[in-house]
Amino acid sequence: MTMTDVEAAQPAKDAHEEPLGATRAERLSALAQQHGALVTLVIAVLVASLSFDTFLTGDNLENMALSSAFLAVVALGMTFVIVTGGIDLSVGSLFALGGVLAAWGSQYGTVVALLLPLAVCGLIGLVNGLLIARSRLAPFIVTLAAMLGARGLLLAVTDEGSKTYLVDKSTVFASLGQDKLFGIGLPVWITLALFVLGAVVLRRTRFGQYVYAVGGNEDAAALMGAPVARTKIGVYTLSGLCAGLAGALNAAWLVSGVTILGSGMELEAISAVVIGGTLLTGGSGFISGSLVGVLLLKVIQNVINQIGSLDSAYQQVVSGAFLAVVVIAQTWLGRRRRVL
């Protein structure tokens, strides 16, 4: 099969590739879908910096960058899944499980601390992909079951959550979360490197073309010879690997495997990806948008914390309302482009 065949299977609604004869209104709609989150992020940062003296301080920016890094790695894998038109609800539990396994494995060395969560979480992602692609089960049901199963495995490893494994601060593994490069934490640099790699894979490789083709029109992609099943298996495995790696990096940062983390992270990751411009219907999206979506969510949360008088529950209210607005805007823009 040639790349031309795959590109033919890819829908024209890919936000990055407007037809040559696109009207001005179509181009504006596409730009709004692609870069609306970035414009909103810039406005939010400007307003926050003018409203709060402590917003642009080094400590606050560093904390936001570090807290964003772990969610961003999870959102990276989620982007591939959603572009195919799927969903992965297991990443929050896999994130927590990966952290606990990494902390437990750190007593046997850095290699074990990194490979163990990757192997276990990647295997769970592989099983998700096999059930979805080969057995044609609904992604929602499969990944929901995986979420519960991973959380149960986490409780089994930690004696119902009563045992917390600690990471020796003198180990190389701990340095991955604690050390800095040019004043910026290593998890942030690792996350940026992963996003660059992810962008190259999604936009410049045959696998990335398959991902877009499957999300745009699965039947057309299959008729063109695209490996639909292998592509789905690949993206869910990748999602599991990203969640496990994020959990391991978080354990290195906290120097412990905290069992209560990850609750609701799957919803945050989905929100960040959608806010960044990836359509829930699949076939359209880009990696950089997901990173912008993560940063925007973290800025909103930080602003609420800066206000001080608002309860932390308002973070969820604001994030949910913002996500609803974005989904409505995406739907309207998509319909407008089709009409035009």
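One structure accompanies this document, and this report is about it. (Residues numbered from 1 in each chain as written. Predicted model: local features only at pLDDT ≥ 70, side-chain atom pairs only at ≥ 80, totals over all residues. Heavy atoms only, no water.)

Before going further, it helps to examine the overall build of the chain. A count of helical and extended segments in the chain gives 14 helices and two strands. Looking at the 340 residues of the chain, the share that counts as buried comes to 49%. Put simply, the chain shows about 15,400 Å² of open surface, and 66% of that area lies on carbon and sulfur atoms. (Helix = DSSP H or I, 4+ residues; strand = E, 2+ residues; numbered from the N terminus. Buried < 20%, exposed > 50% of the residue type's maximum accessible area, 1.4 Å probe, protein only. Areas by Shrake-Rupley, 256 points an atom, 1.4 Å probe, with all protein chains shown as cover.)

Among the nonpolar cores identified, the biggest contains 71 residues, and Val74, Met78, Phe80, Phe173 and Ile270 are the most heavily contacted of them. With 13 residues, helix α3 (residues 58-83) is the largest single contributor of residues to this core. Beyond its immediate stretch of four places on either side in the chain, Phe80 contacts Gly198, Val201, Leu202, Phe207, Val211, Val235, Leu238 and Ile287. Counting residues in each nonpolar core, the second largest holds six residues, with Tyr210, Ala213, Val214 and Ala221 among its members. (Core = buried A, V, L, I, M, F, W, Y, C linked by side-chain atoms within 4.5 Å. Contact = heavy atoms within 4.5 Å.)

Position of Lys232 among the secondary structure elements: in helix α11 (residues 228-254). Leaving out residues up to four positions away in the same chain, Lys232 has contacts with Gly129, Ile132, Ala133, Val214 and Glu218.

All right, on to empty space enclosed by the protein then. With the rule as written, the count across this model stands at one cavity of 30 Å³ or more. Considering only enclosed or pocket space, the largest cavity measures out at about 40 Å³ in volume. Together, Phe95, Ala96, Gly99, Gly247, Asn250, Ala251, Leu254, Ser256, Gly257, Val258 and Leu261 line the largest cavity. Residue assignment for the lining of the largest cavity shows that the elements contributing at least two residues are α4 (91-105) and α11. Looking at which element gives the most residues to the lining of the largest cavity, the answer is α11, with four residues. (1 Å grid on protein atoms, 1.4 Å probe; cavity = no way out; pocket = protein on both sides within 12 Å on 5 of 7 lines; lining within 4 Å. Points joined across faces, edges and corners; volume = space filled by probe spheres on them.)

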